[in-house]
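# Descriptive structure summary
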Amino acid sequence: MKDIDLSPISKYRGELMGFAMIYVVMFHVCGNRHDTLWYCLARCGNLGVDIFLFLSGIGLWYAWTKNSSLRHFYWRRYKRIYPAWLVVAALFYIPKFIDGKINLWELLGELAINYGFWHHLALNFWYVPAILTLYLIAPWYMRLIQSDAHYRWLPVAALLLTLLVQYWQPLHHSVGHLEIFFSRVPIFLLGINAGALVKSRYRMSKSSLWLLVLLLVMSTLVCVNFEDGLRRRFPLFIERWAYIPWTVSLTILLSQLFDRLPRWSLKVFTIVGTVSLEIYLIHIEFVMKNVKPLHLGYWLTLVITLGVSTLLAYVLHYIIEKLQTLRKK
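Residues numbered from 1 in each chain as written. Predicted model: local features only at pLDDT ≥ 70, side-chain atom pairs only at ≥ 80, totals over all residues. Heavy atoms only, no water.

Turning our eyes to something else, we now look at the overall build of the protein. Tallying secondary structure elements over the protein gives 17 helices and two strands in all. Expected size for 329 residues packed as a compact globule is a radius of gyration near 20 Å; at 20 Å, the protein falls within 12% of this value. Viewed in the frame of its principal axes, the protein has a C-alpha envelope of about 60 × 50 × 50 Å. The proportion of buried residues among the 329 residues of the protein is 48%. For the protein, the share of sequence-separated contacts (at least 6 apart) that also reach a separation of at least 24 residues comes to 79%. Roughly 16,900 Å² of accessible area belongs to the protein as shown, and the carbon and sulfur atoms make up 67% of that amount. Charged side chains of the protein number 33 positive and 17 negative; the gap between the two group centres comes to 8 Å. (Helix = DSSP H or I, 4+ residues; strand = E, 2+ residues; numbered from the N terminus. Rg over C-alpha atoms; globule rule 2.2 N^0.38 Å. Buried < 20%, exposed > 50% of the residue type's maximum accessible area, 1.4 Å probe, protein only. Contact = heavy atoms within 4.5 Å. Areas by Shrake-Rupley, 256 points an atom, 1.4 Å probe, with all protein chains shown as cover. Lys, Arg positive; Asp, Glu negative; His and termini not counted. Charge placed at Lys NZ, Arg CZ, Asp CG, Glu CD.)

Written as structure tokens, this is what we have:
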């Protein structure tokens, strides 16, 4: 067995994004907890968000070391997210405004920064304001670790921050409702840290395979047992801490597996990964909520939700790309 080359994480970044998106959809379709191993695993599907953030951090390091212009960095990031976000947010929030459920200022706040998430933890599209905020801090973190490598330990400080958000009353009172955001900051920073290793084609010794498997098994057992009857009996950030070794080990092991499989076998992951952002924006509010009332069962609901969402996502992606191309002309 050869040493473990980390570069396939970049090579199969799209496929890994596709895997993460499918896992997120599985989590949302699952709904209430069921007392079986499979459903407990499905209830851990928000791990897909952590995989997204880890891969995003790696990708940002590639982009930053290629072009460290702040203007270029922010333009490329927000140009990818904002057009799709504005289309979907308009379709979702304007009818609420027309119905009188939100006022004009709330509508503008939702369209601009998904105000409801920051104000009262409206989770409809929470990943968008979260990743946009992380994009804001990413260049400054990358500058910091480039100037002094010791600052690569800041993910540990981010872990301590989740404790403060939960238990230090002044902070908990002001931002305690945003635990879902703060508990994801460490894995994002770790992704940036890992970006340098992936880009340099760093190789872990072949004996590290057993360490990765151990981390994968242990973190999976922790989270499955949390989901199997312990929900609401512990602060959620504790489970999200377990997501960190799960995310890192699973991402590395999947990249090694993908590198040994024929490309055609990864086609579904490739297709989903290409429009993962659009699928995330569309699949709950515009597809799943219309499919679930049909009571078709878990698997059929999952397949229909994922299939229809992917089709709509490609339509949205195509239209935005065409409009951006016409604007350049």
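Picking up after the structure, the text goes on.
Counting 99 residues, the largest nonpolar core has Phe 188 and Leu 281 as the members making the most contacts within it. With sequence-adjacent residues up to four places away left out, Phe 188 is seen in contact with Leu 53, Ser 56, Gly 57, Leu 60, Ile 131, Leu 134 and Ala 138. (Core = buried A, V, L, I, M, F, W, Y, C linked by side-chain atoms within 4.5 Å.)

Size it by volume and the largest pocket reaches roughly 1,000 Å³. Sorting the residues of the lining of the largest pocket by element identifies helix 2 (13–30), helix 4 (47–66), helix 5 (70–98), helix 8 (127–147), helix 15 (267–274), helix 16 (276–291) and helix 17 (298–328) as the ones contributing at least two each. Across the lining of the largest pocket, the residue classes break down as 18 nonpolar, 11 polar and nine charged. (1 Å grid on protein atoms, 1.4 Å probe; cavity = no way out; pocket = protein on both sides within 12 Å on 5 of 7 lines; lining within 4 Å. Points joined across faces, edges and corners; volume = space filled by probe spheres on them. Nonpolar A, V, L, I, M, F, W, Y, C, P; charged D, E, K, R; others polar.)

In this section: a nonpolar patch on the surface. A contiguous nonpolar patch, built from Ile 94, Phe 97, Ile 98, Leu 104, Trp 105 and Leu 108 and spanning about 640 Å² of accessible area, is present on the exposed surface. Of all the elements in the fold, those that place two or more residues in the nonpolar patch are helix 5 and helix 6 (104–113). Tracing the backbone shows Leu 108 in helix 6. For Leu 108, a relative accessible area of 42% gives the class partly exposed. (Patch = residues over 30% accessible without salt bridge, like charges linked within 9 Å, V, L, I, M, F, W, Y side chains within 5 Å. Salt bridge = Lys/Arg side-chain N within 4 Å of Asp/Glu carboxyl O.)

Turning to helix 2, a few remarks are in order. Under the 1.5 Å per step criterion, the end-to-end length of helix 2 is 26 Å for 18 residues, consistent within 8% with the ideal 26 Å. When you tally the buried positions in helix 2, you get 14 out of 18 residues, the bulk of the element. (Expected span 1.5 Å × (residues − 1).)

Scanning all chains against the criterion turns up 24 aromatic pairs. Seen from their ring centres, Tyr 74 and Tyr 78 are 6.1 Å apart, and the 45° between their planes marks the pair as tilted. Pair noted here: Tyr 74 and Tyr 78 are both in helix 5, with a separation of four residues, about one helical turn. Classification of Tyr 74 by relative accessible area gives buried; the value is 19%. Consider the rings of Tyr 167 and Phe 237, whose centres lie 6.3 Å apart with planes at 80°: the pair is edge-to-face. (Phe/Tyr/Trp six-rings, centres within 6.5 Å; stacked < 30°, edge-to-face > 60°.)

Under the definition given, this model contains eight salt bridges. The closest approach of N and O atoms between Arg 184 and Asp 50, which form a salt bridge, is 3.0 Å. Of this pair, Arg 184 sits in the loop between helix 11 (179–182) and helix 12 (185–199) while Asp 50 sits in helix 4; the two residues are 134 residues apart in sequence, bridging distant segments of the chain. A single burial state applies to Arg 184 and to Asp 50, both of which are buried.

By the element assignment, Thr 162 lies in helix 9 (residues 154–167). At 2.4 Å, the side chain of Thr 162 forms a polar contact with the backbone oxygen of Leu 159. Looking at Thr 162, its side chain comes within polar contact range of the side chain of Trp 241, at 3.1 Å. In this structure Thr 162 touches Phe 182, Ser 183, Phe 237 and Trp 241, once residues within four positions along its chain are discounted. (Polar contact = N/O pair within 3.5 Å; in protein donor to acceptor, adjacent residues only side chain to side chain.)

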